[in-house]
Protein chains: 2
Amino acid sequence: MIAVAQTMHFANALSLQSGASLSDYHLAYETYGSLNADKSNAVLICHALNASHHVAGIYEGQDKSEGWWDNMIGPGKSVDTNHFFVIGVNNLGSCFGSTGPMHIHPDTGNVYGADFPVVTVEDWVNAQALLLDELGIHQLAAVMGGSLGGMQALSWTLQHPDRVRHAVVVASAPNLTAENIAFNEVARRAIVTDPDFHGGHFYAQGVIPKRGLRIARMVGHITYLSDDVMNEKFGRQLREAVVGSDMGYRYSTQDVEFQIESYLRYQGDKFSEYFDANTYLLITRALDYFDPARLFGGDLSKAFATIRAKFLLVSFTTDWRFSPARSREMVRALLDNQRDVSYAEIDAPHGHDAFLLDDPRYMQVVRSYFERIAHEAPVQGEKA
Amino acid sequence: MIAVAQTMHFANALSLQSGASLSDYHLAYETYGSLNADKSNAVLICHALNASHHVAGIYEGQDKSEGWWDNMIGPGKSVDTNHFFVIGVNNLGSCFGSTGPMHIHPDTGNVYGADFPVVTVEDWVNAQALLLDELGIHQLAAVMGGSLGGMQALSWTLQHPDRVRHAVVVASAPNLTAENIAFNEVARRAIVTDPDFHGGHFYAQGVIPKRGLRIARMVGHITYLSDDVMNEKFGRQLREAVVGSDMGYRYSTQDVEFQIESYLRYQGDKFSEYFDANTYLLITRALDYFDPARLFGGDLSKAFATIRAKFLLVSFTTDWRFSPARSREMVRALLDNQRDVSYAEIDAPHGHDAFLLDDPRYMQVVRSYFERIAHEAPVQGEKA
């Protein structure tokens, strides 16, 4: 399947949750499959931290350019583009196409940098809704996402209850725990205190806060994997055992000694080459801020009272960043409101990263759910 | 109880596991209680990352100067200094008194800095044994430590099986997992890539790599606490809710928003004021390197075959850095060798930090064990 990136321009200012607004912005997006005549087969895919609108397929002539959820979405796949019109959209504030900190602030003519306004999950959802308006889609057959993308899917059902029939929320949570916020804060401090950050206006200086980005990615990466899978993949293996040393150690505090160090350094280096530091701050903050129960005194069941969508939730047993317990909180709150909920807790060793991987039970659960959606006629009263 | 810091000088070079050696060094130590006539009541306390020889008591005229395990050790306490002669010793490479990177290299006349040799748990134990020689103590009634200190206690029973009757190993592990090494590596990279680190020779530049130390401490601190206790202590509380904002948020990527951020920044700032960056590298590497089963193909039971000491092991249910499963590995390997083992798994919410806190069941387990030691006559054949 060949993917084609598109861009939609928006001239009207978008009011943000913070009170600020964003004028003259654009959203990068891709679509796969065909919109049916009554426009009832659209599925919106929301992305997490390090992803984009390029959800599925490859770009013409670029064999290795698979979208980040290409194992899940495509012709004959779990989310079958022979049946569904799938939309991937890049979030505001990203560094992969939609308007973000690396773009020009129309009011000043300078690059936004740290002046790009704080955007929230709710803001992203509102921007996505405007894109759907432009595409002539009133109601989504489903909105789907993992991790931070799952938060957006959930937020859709709260902000636009009449515009989404199903929400598929994978490896997500109704808010971040203190520990999650703590890891985000470590990453942010590493970036912000990098002398090359220059208060977020480093573009003009011709430098990039790569030290901070590397640390941020290393911390993040540890939390995406399970202890078990790290032990299985790397354990205590040395990169290169020293011949003649009893233990094989180099006895160095700064050289790479263990394979896990080599792997993490590589991940950090790679990330620092392509990810924008201001985007990292914005996206981790959107994660921190998401908390739909907050206005209801922390009562998730009350917060969910206006939800009309049906749900599939999926969690993974070894995911300690967005643990199954957090998914169960959402299941409980939905059941408290007599919503239609399916829930699968997948026994997978891969930690949070499992939501991007090819576990056959996971793929089958999603496939079955989308087959159900495909056979369901849209509720008449809810159509545009 | 008034503590008095002492120093022992060693003129003979100490051969290190790396092949390097350390000449003309000193060890800072403290003692509490009195050594009995046959010198059979000595208890050595080994310290973890951020601690020292100041284990118990206070310094004259300094009310707030309690030792780091003062809740555990003292007259009438779990480790009762009315019965036992307790020794606290600062490890080589530390920044709290014993010879370390901030001291002068006798061969060059310059501060060691990054040239301080890599020291291992085994090296520390050997240095501690030399201190005991100077104090005229052949055999310890017990060696005790938590976390990295527990590794030293274990190492004592392997390196000097005839010199220790009991080992008390709290919240420890027979080696670090890949995840633990990964967190250490993040901390080290944060320090080493701080422009103020200057390859470990920052003292001469009049700067301190505080950015890196702050990040290192923040990462460390997260791993010392449990997710539960973080949620209980901080949850999603804001430092200062903004009046007039629905959610109370400031909507900022760089300001402190949540209490947990404020707490972590404070911990990082405080740590960066007193802890030495080179010491941090050395101590985390000693943690990474400890692995007594390595020379036995990973078989801990084989590695433990020469152990003669009796053991008390204690772990804490919510400790995910040194989990109960790691303590159970040691219990199993000791039982495989028909050793005398007591094991307590304490249901405590505080994570790894629990080993420093006042859980009454924990304190009672240790008290009972030391009462048993106090009533036991030393085995005749094992006396000097």
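None of these values were measured; they are calculated from a predicted model.

Colleague: What exactly am I supposed to notice about the overall build of chain A here?
Modeller: When you go through chain A residue by residue, the secondary structure sums to ten helices and 14 strands. The C-alpha atoms of chain A give a radius of gyration of 21 Å, which matches the 21 Å a tight globule of 384 residues would have. Counting only C-alpha atoms and orienting by the principal axes, one finds that chain A spans roughly 75 × 50 × 50 Å. Expressed as a percentage of its 384 residues, the buried residues of chain A come to 61%. Of the contacts formed within chain A by residues at least 6 apart in sequence, a portion of 71% connects residues at least 24 apart. Roughly 13,900 Å² of accessible area belongs to chain A as shown, and the carbon and sulfur atoms make up 48% of that amount. With 31 positive and 45 negative side-chain charges, chain A shows a separation of 2 Å between the mean positions of the two kinds.

Colleague: Would you take a moment to explain the sheet that holds strand E12 (residues 164–170) of chain A for this structure?
Modeller: Strands in a sheet are paired, the pairing made by backbone hydrogen bonds, and the direction either parallel or antiparallel. Residue and element names in this part refer to chain A. The mixed open sheet is built from eight strands, whose spatial order is E2-E5-E10-E6-E11-E12-E13-E14. Looking at which strands have only one partner, the edges of the open sheet turn out to be strand E2 (6–10) and strand E14 (341–346). On average, each strand axis in the sheet is tilted by 20° relative to the strand beside it, whichever way the strands run. Here E2 pairs with strand E5 (residues 25–32) via five bridges, running antiparallel. In the strand pairing of E5, histidine 9 is matched with histidine 26. The strands touched by helix H10 (residues 360–375) within the sheet are strand E6 (42–46), strand E11 (140–146), E12, strand E13 (310–316) and E14, with E13 carrying the most contacts at an inclination of about 175°.

Colleague: Teacher, can you tell me more about the pattern of salt bridges here?
Modeller: Two side chains with opposite charge may pair up if their charged atoms get near one another. Across all of its chains, the model carries 42 salt bridges over all chains by this definition. Residue aspartate 288 of chain A is joined to arginine 285 of chain A by a salt bridge in which the shortest nitrogen-to-oxygen separation is 2.9 Å. Separated by three residues within a single helix, aspartate 288 of chain A and arginine 285 of chain A lie in helix H7 (residues 277–289), roughly one turn from each other. On the accessibility criterion, aspartate 288 of chain A (0% relative accessible area) is buried. For arginine 328 of chain B, the salt bridge is made with glutamate 345 of chain B, and the minimal N-O distance between the two is 3.0 Å. A residue pair is termed long-range when its members are at least 10 positions apart, and arginine 328 of chain B in helix H9 (residues 324–336) and glutamate 345 of chain B in strand E14 (residues 341–346) qualify at 17 residues. The exposure class of glutamate 345 of chain B is partly exposed, given its relative accessible area of 35%.

Colleague: So what exactly am I meant to see when it comes to the packing of aromatic side chains here?
Modeller: By convention here, two paired aromatic rings are described through the distance between centres and the angle between planes. Residues and elements named next belong to chain A. Evaluated as defined, the whole model comprises 46 aromatic pairs over all chains. Geometrically, the ring pair formed by phenylalanine 202 and tyrosine 203 is tilted, given 4.3 Å between the ring centres and 35° between the ring planes. Classification of phenylalanine 202 as buried rests on a relative accessible area of 3%. Through a chain of ring-to-ring contacts, the aromatic side chains of Phe96, Phe271, Tyr274, Phe275 and Tyr280 assemble into a single cluster.

Colleague: I would appreciate a short explanation of the interface of chain A and chain B in the present structure.
Modeller: Interface size is commonly expressed as the accessible area that is lost once the parts come together. If you look at the interface, chain A gives 61 residues, while chain B gives 61 residues. Contact between chain A and chain B buries roughly 5,500 Å² in total, counting both sides, with carbon and sulfur atoms accounting for 63%. Looking at the side of chain A facing chain B, the largest losses of area belong to Arg236, Tyr251 and Tyr289 of chain A, adding up to 14% of the total buried there. The interface formed by chain A and chain B holds eight salt bridges in total. Among the ionic pairs, aspartate 291 of chain B bridges to arginine 236 of chain A, the shortest N-O distance being 2.9 Å. Applying the counting criterion to the chain A and chain B interface returns 30 residue pairs in polar contact (both at pLDDT 80 or more). Element by element, the count of residues in the side of chain A that touches chain B is highest for helix H3 (residues 178–192) of chain A, at eleven residues.

Colleague: Please explain the packing of H3 of chain A against H7 of chain A as it appears in this structure.
Modeller: Between two packed helices, both the angle of their axes relative to each other and the distance between the axes serve to describe the pair. Residue and element names in this part refer to chain A. As a packed pair, H3 and H7 sit with axes 10 Å apart at the nearest point and diverge in direction by 160°. Regarding the angle of H3 to H7, the classification is roughly antiparallel. Regarding H3 and H7, the two cross each other, and that crossing is left-handed. Listed contacts from H7 to Ile181, Asn184, Ala187, Arg188, Ile191 and Val192 of H3 are Ala277, Tyr280, Leu281, Thr284, Arg285, Leu287 and Asp288.

Colleague: Sorry, what's going on with the sheet that holds strand E11 (residues 140–146) of chain B here?
Modeller: Residues and elements named next belong to chain B. Taken in spatial order, the eight strands make up an open sheet running E2-E5-E10-E6-E11-E12-E13-E14, and their pairing is mixed. Whereas interior strands pair on both sides, the edge strands pair on one side only; in this sheet they are strand E2 (6–10) and E14. For this sheet, the mean inter-axis angle between neighbouring strands, taken without regard to orientation, is 20°. Bridging between strand E6 (residues 42–46) and strand E10 (residues 85–89) involves four bridges; their strand directions are parallel. When the sheet's bridge partners are listed, alanine 42 is paired in E10 with phenylalanine 85. Here helix H2 (residues 148–159) sits on the sheet and contacts E6, E11, strand E12 (164–170) and strand E13 (310–316); the angle it forms with E11, its principal contact strand, is near 150°.

Colleague: Please explain the confidence of the model for chain A as it appears in this structure.
Modeller: Residues shown with low pLDDT carry predicted positions that ought not to be read at fine detail. All names here are of chain A. Confidence in the prediction for chain A averages 96 pLDDT; 98% of positions are at 70 or higher. Across residues 380–384, where pLDDT falls below 50, the model places nine contacts with residues more than four positions away in sequence or in other chains. Overall fold confidence for the complex sits at a pTM of 0.96, while the interface term, ipTM, reaches 0.95.

Colleague: Help me out: how do you make sense of the relation of the copies chain A and chain B in this one?
Modeller: Related by rotation about an axis and a shift along that axis, the two copies of the chain form a pair. Superposing chain A onto chain B takes a rotation of 180° plus a shift of 0.0 Å along the axis, which leaves an RMSD of 0.0 Å. On this basis, the relationship between the two copies can be described by a two-fold rotation axis. By residue overlap, the copies meet face to face through one surface: 100% of the interface positions of chain A are interface positions in chain B.

Colleague: How should helix H7 (residues 277–289) of chain B be read in this particular structure?
Modeller: In an α-helix there are 3.6 residues to a turn, and that puts residues three or four apart on one side. All names here are of chain B. In this model, H7 (13 residues) spans 19 Å end to end at C-alpha, consistent with the 18 Å of a helix rising 1.5 Å per residue. Summarising burial for H7: 13 of the 13 residues are buried, a large majority. Two to three positions downstream of the cap, the backbone nitrogen of asparagine 278 sits 3.2 Å from a side-chain oxygen, assigning the N-cap of H7 to aspartate 276.

Colleague: Would you explain the environment of serine 172 of chain B in this entry?
Modeller: All names here are of chain B. Along the chain, the position of serine 172 falls in the loop between E12 and helix H3 (178–192). Taking the C-alpha atoms as reference, serine 172 lies 21 Å from alanine 129; in sequence the two are 43 residues apart. Beyond its immediate chain neighbours, meaning those up to four positions away, serine 172 contacts Ser147, Gly150, Met151, Phe322, Arg326, Ser327 and Met330. Here the side chain of serine 172 touches serine 147 through a polar contact of 2.9 Å, landing on its backbone oxygen. Reaching out from serine 172, the side chain makes a polar contact with the backbone nitrogen of methionine 151 at a distance of 3.3 Å.

Colleague: Could you clarify how one ought to interpret the pairing of E6 of chain A in this entry?
Modeller: One face of the sheet, then the other: side chains in a regular strand alternate in exactly this way. Residues and elements named next belong to chain A. Counting buried residues along E6, five of its five residues qualify, which places the element largely inside the surrounding structure. Pairing between E6 and E11: four bridges, direction parallel. Looking at the pairing, leucine 44 lines up with valine 143 of E11.

Colleague: Help me understand the state of the cysteines in this model?
Modeller: Chemically, a disulfide is nothing more than a covalent bond linking the sulfur atoms of two cysteines. The tally for this structure, following the rule as stated, stands at zero disulfides over all chains. Left without a disulfide partner, cysteine 95 of chain A is nearest to the cysteine sulfur of cysteine 46 of chain A, which lies 18 Å away.

Colleague: Explain unusual backbone geometry to me, please; I cannot follow it from the model alone.
Modeller: Excluding glycine, residues mostly carry a negative phi; peptide bonds, for their part, are mostly trans. The backbone of serine 147 of chain A sits at a positive phi, close to 60°, despite the residue not being glycine. Looking at where serine 147 of chain A falls in the secondary structure, it is placed in the loop between E11 and helix H2 (148–159). Residues other than glycine seldom take positive phi values, yet alanine 171 of chain B does so here, at roughly 50°. Judged by relative accessible area, alanine 171 of chain B falls into the buried class, the value being 0%.

Definitions and cut-offs
Starting afresh in each chain, residues are numbered from 1 along the sequence in its written order. For naming, the first written chain is A and the first written ligand is 1, with later ones following in the order written. Side-chain atom pairs in this predicted model are given and counted only at pLDDT of 80 or more, local residue features only at pLDDT of at least 70, and totals for whole chains, interfaces and linings cover all residues. To get the side-chain values, take all heavy atoms of the structure and skip hydrogens and water. Each helix is a run of DSSP H or I of at least 4 residues and each strand a run of E of at least 2, with the numbering of both proceeding from the N terminus. We compute the radius of gyration from the C-alpha atoms alone; for a globule the expected value is 2.2 Å times N to the 0.38, where N is the number of residues. Per-residue accessibility, obtained with a 1.4 Å probe over protein chains only, is compared with the maximum for each type, and a residue is labelled buried under 20%, exposed over 50%, and partly exposed between these values. Note on definitions: a residue-residue contact is assigned when non-hydrogen atoms from the two residues lie within 4.5 Å. For the area figures, the Shrake-Rupley method with a 1.4 Å probe applies, and any residue is considered shielded solely by the protein chains shown. In this tally, Lys and Arg are treated as positive and Asp and Glu as negative; His is ignored, and so are the chain termini. In plain terms, the charge of a residue is placed at NZ if it is Lys, CZ if Arg, CG if Asp and CD if Glu. For two strands to pair, DSSP has to find at least two bridges joining them. Angular values range over 0 to 180 degrees, each being the angle between N-to-C directions of two axes fitted as lines to C-alpha atoms, with helices fitted over their stretch in contact. Any carboxyl oxygen of Asp or Glu that lies within 4 Å of a side-chain nitrogen of Lys or Arg is treated as forming a salt bridge with it. Centres within 6.5 Å are what make two rings of Phe, Tyr or Trp a pair, Trp counting through its six-membered ring; a difference in plane orientation under 30 degrees is then read as stacked, over 60 as edge-to-face, and the rest as tilted. The quantity reported as buried area is the accessible area (1.4 Å probe) lost by two parts once they are put together, taken as the sum for both. Polar contact is defined as a pair of N or O atoms within 3.5 Å, subject to the rule that within protein one atom must be able to donate a hydrogen and the other to accept it, and that residues adjacent in sequence are counted only when both atoms are side-chain atoms. Throughout, the term roughly parallel applies to angles under 35 degrees, roughly antiparallel to angles over 145, roughly perpendicular to angles from 65 to 115, and oblique to all others. The handedness criterion is simple: a crossing whose near helix is rotated anticlockwise from the far helix by less than a right angle is left-handed, and one whose near helix is rotated clockwise is right-handed. Per-residue confidence from the prediction method is given by pLDDT, with values spanning 0 to 100. A residue counts toward the fit only if its pLDDT is at least 70 in both copies, and the copies are then superposed by least squares on the C-alpha atoms of those residues. In this scheme, a helix's expected span is set at 1.5 Å multiplied by one less than its residue total. A pair of sulfur atoms, both from cysteines and within 2.5 Å, is called a disulfide here.

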